[in-house]
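As a plain string of letters, each chain reads:
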Amino acid sequence: MNRLARLWDSDIAWSFRHSPVAIVAAVVAVGMIFAAIFAPWIAPSDPFHPASLNLMDGFTPPGTPNAFTGNTFLLGTDDQGRDILSTILYGARISLFVGFASVIFAMVLGISLGLLAAWKGGWVGTLVMRIADVQLSFPSILIALLIFGVARGFIPPGQREQAAIWVLILSIGLSEWVQYARVVRGATMVEMGREYVQAAKVIGVHPVRIVLQHILPNVMGPVLVIATIGLALAIIAEATLSFLGVGVPPTQPSLGTLIRIGQQFLFSGEWWILFFPAMALLALALSVNLLGDWLRDVLNPRLR
């Protein structure tokens, strides 16, 4: 109870309680994540199971009974008779999984390389930072496309569909590690000049222990901010790649795939097939991004 009381009285909790934007963003983000995780129990149907599809339900407008079957769907159906609400819930699961996994991968890789570059210095640090500088000169989506294409070239054709999600995670993660490495390297170099690090060196503490137990916890604040904003960017990157047709397979469509499918019917009058998945992606990315902005302001005293 004492820990909960201290957490409730902390600066972060106080700032959150007094920020309507952060509260609304948290409610939207947590609600969508919760709905995506429990999609098999919340969704009206499994839209990607052949037994649950009825082509006669295709192109049913939102909230309007179908002319042939009489079935009504809250957000309408697509060309195959799939419930749009169910496709959004199941598609968000894929988008969130790819987003979280790619952010974790990029964070681990970037933190490791940033710590290595700061601690070793010399040619090691120079090499890591020059690679980061070169990668920053290209748009991250182009880097992800390049890595995705190269990685698929090493996978046998029969296994590409099963490995598509993991290749997508690898592509987005390798395109986003640079920000973590640069921030961690700069913060680590500042911490290395602190007295507690010098004292640890004097008494013979192992360098790995100094880095992991003393320096790393003190540089995690900016990393968490980047990770929160990076999650929104990763979700958008996955949607962009899937919209271009190089993301997740059609048998496991994400929000980006649903938007690509809906775009084909936009000008024929079936606007809801594109509109609702696009709004879901916008709400998810915007809420996570707003939470990242709030966390940045809280953890940076200069911005208060």
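Residues numbered from 1 in each chain as written. Predicted model: local features only at pLDDT ≥ 70, side-chain atom pairs only at ≥ 80, totals over all residues. Heavy atoms only, no water.

- For the protein, the name recorded in an unreviewed UniProt entry is ABC transporter permease, with Histidinibacterium lentulum as its organism.
- The UniProt entry for the protein carries the following text under Subcellular location (unreviewed entry): "Cell membrane". (UniProt positions renumbered as here; feature names shortened; annotations may be inferred.)

## Regarding the packing of helix α7 (residues 140-153) against helix α8 (residues 160-192)
Item 1. One way to put it is that α7 packs onto α8 with a least axis distance of 8 Å and a crossing angle of 140°. Relative to α8, α7 is oriented oblique. The element α7 and its partner α8 pack so that their crossing is right-handed. Of the residues in α8, those touching α7 at Ser140, Ile143, Ala144, Ile147, Phe148, Ala151, Arg152 and Gly153 are Arg160, Ala164, Val167, Leu168, Ser171, Leu174, Ser175 and Glu176.
Item 2. Looking at the contact of α7 with α8 residue by residue, the classes come out as nine nonpolar, four polar and three charged. (Axes fitted to C-alpha atoms, helices over the stretch in contact; angles between N-to-C directions. Helix = DSSP H or I, 4+ residues; strand = E, 2+ residues; numbered from the N terminus. Parallel < 35°, antiparallel > 145°, perpendicular 65-115°, else oblique. Left-handed = near helix turned anticlockwise from the far one by under 90°. Contact = heavy atoms within 4.5 Å. Nonpolar A, V, L, I, M, F, W, Y, C, P; charged D, E, K, R; others polar.)

## Quick look at the environment of Ile215
Item 1. Locating Ile215 in the fold gives a position in helix α10 (residues 207-215).
Item 2. C-alpha of Ile215 to C-alpha of Val190: the two residues are 25 residues apart in sequence and 9.7 Å apart in space.
Item 3. Other than its neighbours up to four places away in sequence, Ile215 contacts Leu115, Trp119, Thr188, Glu191, Met192, Tyr196, Val197 and Ile210.

## Examining helix α3 (residues 20-37)
Item 1. In this model α3 runs 26 Å from its N-terminal to its C-terminal C-alpha over 18 residues, within 8% of the 26 Å that 1.5 Å per residue would give.
Item 2. By the burial criterion, the buried members of α3 are Ala22, Ala25, Ala26, Ala29, Ala35 and Ala36.
Item 3. The inward-facing, buried residues of α3 abut α2 (11-17), α4 (39-42), α5 (84-120) and α13 (272-299). (Expected span 1.5 Å × (residues − 1). Buried < 20%, exposed > 50% of the residue type's maximum accessible area, 1.4 Å probe, protein only.)

## A short note on the packing of aromatic side chains
Item 1. Tallying each qualifying case throughout the model produces ten aromatic pairs.
Item 2. Ring centres of Phe48 and Tyr90 lie 6.1 Å apart, and the angle between their planes is 90°; on these two criteria the pair is classed as edge-to-face. Taken together, the residues span a long stretch of sequence, with Phe48 in the loop between α4 and α5 and Tyr90 in helix α5 at a distance of 42 residues.
Item 3. Exposure remark for Tyr90: the relative accessible area of 14% places this residue in the buried category.
Item 4. Ring centres 5.8 Å apart and planes at 70° place the aromatic pair Trp271 and Phe275 in the edge-to-face group.
Item 5. In this structure Phe275 comes out as partly exposed when scored by relative accessible area, which is 38%. (Phe/Tyr/Trp six-rings, centres within 6.5 Å; stacked < 30°, edge-to-face > 60°.)

## Topic: empty space enclosed by the protein
Item 1. Counted under the stated rule, the structure contains one cavity of 30 Å³ or more.
Item 2. For the largest cavity, the calculated volume is near 50 Å³.
Item 3. Only α5, α12 (255-263) and α13 provide two or more residues apiece to the lining of the largest cavity.
Item 4. Examining the composition of the lining of the largest cavity, we find that three residues originate from one element, α12, more than from any other.
Item 5. Residues of the lining of the largest cavity, tallied by class, amount to five nonpolar, two polar and two charged. (1 Å grid on protein atoms, 1.4 Å probe; cavity = no way out; pocket = protein on both sides within 12 Å on 5 of 7 lines; lining within 4 Å. Points joined across faces, edges and corners; volume = space filled by probe spheres on them.)

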